Amino acid sequence: MIFEAEFESMRAADLRNLQSKRLAARSASVYERVDFYRSKFDEAGVKLADISTIDDITKLPITRKQDLRDNYPFGLFGQERGRISRIHASSGTTGKPTVVGYTRDDVDLFARVNARCLAMAGAEPRMTLHNAYGYGLFTGGLGLHYGAERLGMTVVPVSGGMTERQIMLITDFQPDMISCTPSYGLTLAQEFAERGVSPLDISLSLGILGAEPWTEMMRSEVDAGLGLKASNIYGLSEIIGPGVSCECVEERSGSHINEDHFFPEILDPITAEPVPEGQEGVLVLTTLTKQAQPLLRYWTGDITSLSSEDCRCGRTLRRMALIKGRTDDMLIIRGVNLYPTEVELVLGNIAELSPHYRLVVSREGTLDELWVETEVTDEVFKIVGGDALDDEVIAADEFLAGLRSRIKHGLKESLGVTAGVALKAPGSVPRSEGGKLNRVEDRRKLT
Ligand code: ADP
Ligand code: ZN
């Protein structure tokens, strides 16, 4: 089902008109209400009369995370404090958290866009959602919660963590759908497997997963391990939280952006100029309707591309590709630029490996060193594991050496990077305990 078909399936020309009107109105309002934007407009010589269509957006100043930090906590609010009905903060993955405010209308919008996303991912009224996104200052839990209620679902507000209890509640309450981070989806799948529960016996049939980068490889693991169809949901607290975009279950190929509220641009990471459609760059988002903390051209740092191809689901909202990573996550190893998801894609092509991995970067003298730690699957471990007979141990050593060199070769071929490879026993690479998983340890930062 489509939750708000009048907007989600709008004709392109009508959507453009709506976006143009909203951009002009929002620009006028931030000029009047937010000192930060008034001085930005004045410095750049931007006049409100210059902003009449959505294409004029490129005349507006770019807003960066540092601007939020400089105005911490409430300096970018466009409403008096008395009209703020809720405050959230980013999870602080990359430094001091940034604070965001919502008016009552913003909270309502937050619920609506999440209801849209749940419906995109296949949810219907009367289904039960097991919500394992974290509750609290983090926007994930409450965002999905309100969205599910708005759609008419039953919500189980479990929050992240306490895996034992999650397993019990899923077994007892028989939910149709789960929301969590992809890495936590893997953790849950593994816990079920360890208890001998077959994916066929898990009640879940749908998943809405996000808050961290993931790949098709991870998706197939989660789909198979939990016996469901997982769709990607994307968002960030600065813009609203989850609900910015989501994949439709019909295609699961690119996330439809709720662009009547959040206007997307893809800009070159260095020049900040727009790139042609389909090309990768930094996603920059403008909130067209938010009141408490409207942001113009917010530089998310997330790397993706846009597509306006038709979609089988009937939505006309443009789609964004899975996020490759954020610019802060990019590693530079001896001059080679690299995102962890790119390593994930290489590892995903090797059947002997589990989907768990970790990257360790260090510096020997003046040279960067990358170590990829990954696990062999249970099946491989049984064959090469400790209880092998003497002559099998020798064969196992050869097998593992061959596997290591295939991984090295794959990384060199696809990414141009030379890496050390550590093969580990199943279960020894850190798992998500509920929220976002940090897969990179950069020891260079310590020195
Ligand atoms: P923080 O920036 O502290 O992590 P947020 O909780 O607001 O705070 O996280 C938003 C960020 O999480 C996004 O900018 C993006 O980098 C990442 N993110 C969210 N959803 C996804 C997703 N579906 N795929 C990849 N990355 C995502
Ligand atoms: Zn679609």
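See the structure above.
What counts, and where the lines are drawn
Residues numbered from 1 in each chain as written. Chains lettered and ligands numbered in written order. Predicted model: local features only at pLDDT ≥ 70, side-chain atom pairs only at ≥ 80, totals over all residues. Heavy atoms only, no water. Phe/Tyr/Trp six-rings, centres within 6.5 Å; stacked < 30°, edge-to-face > 60°. Buried < 20%, exposed > 50% of the residue type's maximum accessible area, 1.4 Å probe, protein only. Lys NZ or Arg CZ within 6 Å of the ring centre and 35° of its normal. Donors = N, O, S within 2.8 Å, 3.2 Å for Na, K, Ca; no water. Tetrahedral: all angles 85-135°; square planar, octahedral: opposite > 155°, others 65-115°. Helix = DSSP H or I, 4+ residues; strand = E, 2+ residues; numbered from the N terminus. Pairing = 2+ DSSP bridges. 1 Å grid on protein atoms, 1.4 Å probe; cavity = no way out; pocket = protein on both sides within 12 Å on 5 of 7 lines; lining within 4 Å. Points joined across faces, edges and corners; volume = space filled by probe spheres on them. Nonpolar A, V, L, I, M, F, W, Y, C, P; charged D, E, K, R; others polar. Salt bridge = Lys/Arg side-chain N within 4 Å of Asp/Glu carboxyl O.

Things to note about the packing of aromatic side chains
- Using the criterion set out here, one finds 5 aromatic pairs in the structure.
- Geometrically, the ring pair formed by F74 and F77 is tilted, given 5.2 Å between the ring centres and 35° between the ring planes.
- Relative accessible area serves as the criterion here: at 8%, F77 is assigned to the buried category.
- Ring geometry for Y102 against F110: centres 5.3 Å apart, planes inclined by 25°, an arrangement best described as stacked.
- By relative accessible area, which is 1% here, F110 ends up buried.
- A cation over a ring is seen here: R64 above W299, with NZ or CZ 4.3 Å from the ring centre.

Considering the coordination of the zinc ion (ligand 2)
- Within the protein, the zinc ion (ligand 2) binds to C248 (SG), H256 (NE2), C311 (SG) and C313 (SG); these donor distances fall in the range 2.1 to 2.3 Å.
- One way to put it: the 4 donor atoms around the zinc ion (ligand 2) meet at angles of 100 to 115°, and that makes the site tetrahedral.
- Spacing between the donor residues of the zinc ion (ligand 2) along their common chain follows C-x7-H-x54-C-x1-C. Highlighted residues: C248 in the loop between β8 (241–247) and β9 (255–257) and C313 in the loop between β13 (306–307) and β14 (319–320), separated in sequence by 65 residues.

Regarding the pairing of strand β10 (residues 262–267)
- Summarising burial for β10: 6 of the 6 residues are buried, a large majority.
- Alternating positions in β10 separate into two faces, F262, P264 and I266 on one and F263, E265 and L267 on the other, with burial throughout.
- As paired elements, β10 and strand β11 (residues 281–287) share 6 bridges and run antiparallel to each other. Paired with F262 across the bridge in β11 is T287.

What about empty space enclosed by the protein?
- Following the criterion strictly, the structure yields 1 cavity of 30 Å³ or more and no others.
- Approximately 50 Å³ is the volume attributed to the largest cavity.
- Looking at the largest cavity, the residues that line it are L68, R69, N71, Y72, P73, G75, L76, P97, T98, V99 and Q293.
- When grouped by side-chain class, the residues that make up the lining of the largest cavity number 6 nonpolar, 4 polar and 1 charged.

Observations concerning the pattern of salt bridges
- In the structure shown here, the tally under the stated rule is 31 salt bridges.
- Note that R38 and D35 form a salt bridge whose closest N and O atoms lie 3.3 Å from each other. Here D35 and R38 lie together in helix α3 (residues 35–44), a separation of 3 residues that amounts to about one turn.
- The partner of R219 in a salt bridge is E247, and the shortest N-O contact between them spans 2.8 Å. In this pair, R219 is assigned in helix α9 (residues 216–226) and E247 in strand β8, connecting sequence segments 28 residues apart. Pair check on accessibility: R219 and E247 agree, each one buried.
- Salt bridges sharing partners connect three or more residues here, namely E4, E8, D108, R112, R116, R150, D260 and R315.

The values reported here are purely geometric and, on their own, carry no functional implication.
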